[in-house]
2 protein chains.
Amino acid sequence: MSTKNGVDVAQLGHAVDAITDDSTVGQFRFRAETEWTDGLQCVTTIDDFDQAGERIHTREFTIEGDEPEQILGTRTAPNAVELLLAALGSCLSVGYAANAAAMGIDLEELRFDLEGDVDLRGFLGISEDVRAGYSSVTCTVHVDADATPEELDELRDRVETTSPLLDTITNAVPVETDVVAVREA
Amino acid sequence: MSTKNGVDVAQLGHAVDAITDDSTVGQFRFRAETEWTDGLQCVTTIDDFDQAGERIHTREFTIEGDEPEQILGTRTAPNAVELLLAALGSCLSVGYAANAAAMGIDLEELRFDLEGDVDLRGFLGISEDVRAGYSSVTCTVHVDADATPEELDELRDRVETTSPLLDTITNAVPVETDVVAVREA
């Protein structure tokens with residue numbers, strides 16, 4: 001077994017081959033269930049997902065949500081826009097580790113500083129001219145690797161053109177919502 | 001103190017008034033720091049944020065990330081696209097709880113089933129015609145509330161036009177990245 005940065009490079013190659021041969025193997029459906037608890041607090045449960053239409057059961061994870069006191073919460077957990085930054089950081093971390101492994105680059109250290117600006121007039125409905133989400137996000141990547149500047153440029157390019165979160169944030173993804181009233185009004 | 005769904009309605013009104021009077025009070029900058037640990041694992045730390053340019057220190061939260069075995073990880077934690085669903089669910093939960101409180105609607109139960117489809121050919125760089133992120137996301141809202149169908153429609157409309165995560169996912173947000181090489185190559 002040949003690993004680089006803790007990534008099994010041979011297995012990565014096999015995965016690429018398998019999905020190239022049969023694209024249905026690369027079709028994933030992920031799930032989460034969020035339950036409101038009280039006030040601005042909630043808890044999200046993550047467990048199974050589908051690969052190629054087949055349900056895969058895994059261990060269960062929970063992620064709590066809340067707002068800080070400044071936004072009427074009790075700060076028992078991060079809020080949604082902070083969770084989004086965590087998702088982006090996690091995604092870029094996977095991208096750098098996997099692509100560096102594929103390129104034969106040894107990573108010593110890899111860290112992401114993420115920031116995002118929000119104008120609360122959007123969320124509070126004070127102004128329709130102000131967007132509800134982040135107006136902008138910045139990410140500084142600190143990388144200590146056995147690589148030339150040209151290799152780091154290529155690594156960055158590979159990661160940024162294939163990052164699911166970077167794509168989701170910098171481009172539009174359609175979201176369909178449906179509301180089911182449990183009680184008969 | 002008048003609370004509804006655990007939300008202090010008077011305080012919510014004060015917040016709206018304060019930010020209407022002085023929009024800088026509603027300017028927030030959120031932060032996260034993600035550190036790669038090994039393989040496809042990482043840990044994100046969330047702590048302080050800025051309001052009106054002033055740093056606010058809070059307690060520290062950590063969120064772990066990993067991929068499932070099917071995507072070469074060890075499934076010690078959710079992956080980035082699952083974290084994104086958790087962020088969306090948390091955001092909608094806050095939106096429903098706060099707007100229901102403002103409208104005088106009592107919530108008994110509120111739950112969100114979220115799903116998103118990803119074609120891994122994008123992330124693996126197998127096809128440039130396949131996007132890296134979610135092709136689509138669906139969210140079913142289960143709500144048990146003391147409200148008429150018309151009130152629920154208005155609640156849904158208020159939430160969906162002011163949700164930071166729904167805006168971020170369904171529209172484009174600019175992300176600026178910078179890479180700092182720690183080692184001299």
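Starting from 1, residues in each chain are numbered consecutively following that chain's sequence as written. Ligands are numbered from 1 and chains lettered from A, in the order in which they are written. At least 70 in pLDDT is required for a residue's local features to be given in this predicted model, at least 80 for side-chain atom pairs to be given and counted, and no such filter applies to totals for whole chains, interfaces and linings, which use all residues. Hydrogens are left out, water is left out, and the side-chain values use all remaining heavy atoms of the structure.

A. Looking closely at the interface of chain A and chain B. Each side of the interface is counted separately: chain A has 130 residues, and chain B has 130 residues. Summed over both partners, buried area is the accessible surface (1.4 Å probe) that two parts give up on being assembled. Roughly 11700 Å² of surface becomes buried between chain A and chain B when both sides are summed, with 62% attributable to carbon and sulfur atoms. A side-chain nitrogen of Lys or Arg and a carboxyl oxygen of Asp or Glu constitute a salt bridge if their distance falls within 4 Å. In this structure, the connection of chain A to chain B is made through 10 salt bridges. For Asp167 of chain A, the salt bridge is made with Arg131 of chain B, and the minimal N-O distance between the two is 2.8 Å. The greatest single-element share of the side of chain A that touches chain B, amounting to 18 residues, is contributed by helix H2 (residues 80-103) of chain A. Amino acid classes used here: Ala, Val, Leu, Ile, Met, Phe, Trp, Tyr, Cys and Pro are nonpolar; Asp, Glu, Lys and Arg are charged; the rest, including Gly, are polar. Residues of the side of chain A that touches chain B, tallied by class, amount to 65 nonpolar, 38 polar and 27 charged. Contacts between residues were defined by any pair of non-hydrogen atoms, one from each residue, lying within 4.5 Å. Runs of H or I in DSSP of at least four residues are treated as helices and runs of E of at least two as strands, each being numbered from the N terminus.

B. Local environment of the state of the cysteines. In plain terms, two cysteine sulfur atoms within 2.5 Å form what is called a disulfide here. A complete count under the given rule lists zero disulfides over all chains for this structure. No disulfide involves Cys91 of chain A; its sulfur sits 9.7 Å from the nearest other cysteine sulfur, which is in Cys42 of chain B. The class for Cys42 of chain B is buried, based on a relative accessible area of 3%. Burial classes follow relative accessibility: with a 1.4 Å probe on protein chains only, a residue under 20% of its type's maximum area counts as buried, one over 50% as exposed, and anything between as partly exposed.

C. Seen up close, the packing of H2 of chain A against helix H3 (residues 149-162) of chain A. Residue and element names in this part refer to chain A. At a closest axis distance of 9 Å, the pairing of H2 and H3 adopts a crossing angle of 130°. Here H3 runs oblique to H2, going by the angle between their axes. When you trace H2 past H3, the crossing you get is right-handed. When H2 is examined against H3, the residues Leu92, Gly95, Tyr96, Asn99, Ala100, Ala102 and Met103 are found in contact with a partner set consisting of Glu151, Glu154, Leu155, Arg156, Arg158, Val159 and Thr162. Tallied by class, residues from the contact of H2 with H3 come to seven nonpolar, three polar and four charged. Each axis is a line fitted through C-alpha atoms, taken for helices only over the stretch in contact, and angles between the N-to-C directions span 0 to 180 degrees. Any angle that falls under 35 degrees is termed roughly parallel, while one over 145 is termed roughly antiparallel, one within 65 to 115 roughly perpendicular, and all others oblique. Here a crossing is taken to be left-handed if its near helix is turned anticlockwise relative to the far helix by less than a right angle, and right-handed if that turn runs clockwise.

D. Just the domain arrangement of chain A, in detail. Residue and element names in this part refer to chain A. By the assigned domains, chain A splits into domain 1 (31-77) and domain 2 (79-170). Where a domain begins and ends is set by an automatic assignment or by a domain database. For domain 1 versus domain 2, the separation of C-alpha centres amounts to 21 Å. Between domain 1 and domain 2, the residue contacts involve eight residues of the former and four residues of the latter. Across the interface of domain 1 and domain 2, roughly 440 Å² is buried in total on both sides, 57% from carbon and sulfur atoms. At the boundary of domain 1 with domain 2, the tally comes to one salt bridge. The residue Arg75 makes a salt bridge to Glu82 at a minimum N-O spacing of 2.7 Å. Any pair of N or O atoms that falls within 3.5 Å is considered a polar contact. Within protein, one atom must be able to donate a hydrogen and the other to accept it, and sequence-neighbouring residues count only if both atoms are side-chain atoms. Where domain 1 packs against domain 2, one counts three residue pairs in polar contact (both at pLDDT 80 or more). Of the residues belonging to the side of domain 1 that touches domain 2, the class tally is four nonpolar, no polar and four charged.

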